[in-house]
Amino acid sequence: MTFLTKALQKTGPDAPFKVVTIERRSPRADDVVIAIRAAGICHSDIHTIRNEWGQAHFPLTVGHEIAGVVTEVGPAVTKFAVGDRVGVGCMVNACGHCEQCEAGQEQDCLNGNVGTYDSIDVDGTVTQGGYAQHVVVNENFVCSLPDDLDFDHAAPLLCAGITTYSPLKRWGIKAGDKVAVVGLGGLGHMGVQIAAALGAEVTVLSRSLAKADEAKGLGAVDTLATTEAVFFVTHRGTFDFILSTISAPYDVDAYLGLLKPHGVMSVVGLPPDAMPVSMAALILGGKVLTGSNIGGIAQTQEMLDFCAAHGIGAVIEKIPVDQVDDAYDRVVAGDVNFRFVIDISTFDR
């Protein structure tokens, strides 16, 4: 059994988005049906549907920053009720029994988690994401949305929020730590807010000072331009922790040089090509270079609660469904401060 809902979908990487009707499964015993109110646009959506990360399964609806309201629950659901405000992020299922799932790290499921879109679900179908009016999700992959978070500003937290929160928590960022956030885009602007709320002294590293005022408003104490002459010499050994959100190639060794001895550089941006790293840059000073990719469901809930408690939300530009193609081009051009969010109510215009 299935039901129909409107969605934005592409039939190929070069095709425009079209409003179509797609099928969603009727809720299983442990499923919830969610009426989507807002869906964030993540750069991962663009990479996927433009075949920049490999061949996508078309026709395809993307979107894994989802905020909405529960409209129906399966008979075995215990965590949610009709009317609950909820969010869904980058995954909608996992095996549940491997060591990573049992440790609350479903994103690292040893049997492979099921992504919110362009992934093969347990029934063999291709998952379709959140640029739609409704989605059906296993209750264990749904988070409660605190009342203090509105749908529009909360939606990007389900990817950009957890992507930056997870490494900051993993490495124990605390009051007094000197944290550098590299790049002030969709990820970086969340990293600044979260690190500042944890009590860190946050500095934004960017190619220019164009966003210095915005960075200050988000909680940064300073913005530094990495293109300045001898920048990497002047600021050598300054930071306890660096959060790199940039997705273009860069000199990893130079950034490692900005760390204090025993400092940590955590990478959440994904450049397209491999980049060299000198072992000496790690060994001298006992530094750590690590990666991070979202977080488990429990930590995602923790992040949402943290953001609500500290008044943190994404800075957004809200758009109707007929502007998503243009929004994609603007994201690639860096012309958005800082996240686009789709107004799902415009499907009915």
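Residues numbered from 1 in each chain as written. Predicted model: local features only at pLDDT ≥ 70, side-chain atom pairs only at ≥ 80, totals over all residues. Heavy atoms only, no water.

(A) Layout of the overall build of the chain. Looking only at helices and strands, one finds 11 helices and 17 strands in the chain. For 349 residues, the compact-globule estimate of 2.2 N^0.38 gives 20 Å, and the chain sits close to it at 20 Å. Along the first, second and third principal axes, the C-alpha set of the chain runs to 65 × 40 × 35 Å. Across the 349 residues of the chain, 55% fall into the buried class. In the chain, of all internal contacts separated by at least 6 residues, the share reaching a separation of at least 24 is 67%. For the chain, the accessible area works out to roughly 14,800 Å², and carbon and sulfur atoms hold 51% of it. In the chain, the 24 positive side-chain charges and the 41 negative ones have mean positions that sit 3 Å from each other. (Helix = DSSP H or I, 4+ residues; strand = E, 2+ residues; numbered from the N terminus. Rg over C-alpha atoms; globule rule 2.2 N^0.38 Å. Buried < 20%, exposed > 50% of the residue type's maximum accessible area, 1.4 Å probe, protein only. Contact = heavy atoms within 4.5 Å. Areas by Shrake-Rupley, 256 points an atom, 1.4 Å probe, with all protein chains shown as cover. Lys, Arg positive; Asp, Glu negative; His and termini not counted. Charge placed at Lys NZ, Arg CZ, Asp CG, Glu CD.)

(B) Inspection of the packing of aromatic side chains at higher detail. Taken as a whole and assessed by the stated rule, the structure comprises six aromatic pairs. Centroid distance Phe17 to Tyr131: 5.9 Å. Interplanar angle 50 degrees. Geometry classified as tilted. Here Tyr131 lies in the loop between strand 7 (114–115) and strand 8 (134–138) and Phe17 lies in the loop between strand 1 (2–9) and strand 2 (18–25), a separation of 114 residues in the sequence. The rings of Phe231, Phe232, Tyr250 and Tyr255 are connected pair by pair, giving a single aromatic cluster. Lying over the aromatic face of Phe17, Lys10 brings its terminal NZ or CZ to 5.0 Å of the ring centre. Above the face of the Phe151 ring, Arg85 is positioned so that its terminal group lies 4.6 Å from the ring centre. (Phe/Tyr/Trp six-rings, centres within 6.5 Å; stacked < 30°, edge-to-face > 60°. Lys NZ or Arg CZ within 6 Å of the ring centre and 35° of its normal.)

(C) Layout of the packing of helix 4 (residues 160–170) against helix 10 (residues 297–309). In contact at an axis separation of 10 Å, helix 4 and helix 10 are set at 100 degrees when each is read in the N-to-C sense. On the basis of their axis angle, the class for helix 4 and helix 10 is roughly perpendicular. On helix 10, the residues that touch Gly161, Ile162, Tyr165, Ser166 and Lys169 of helix 4 are Gln299, Thr300, Glu302, Met303 and Phe306. (Axes fitted to C-alpha atoms, helices over the stretch in contact; angles between N-to-C directions. Parallel < 35°, antiparallel > 145°, perpendicular 65-115°, else oblique.)

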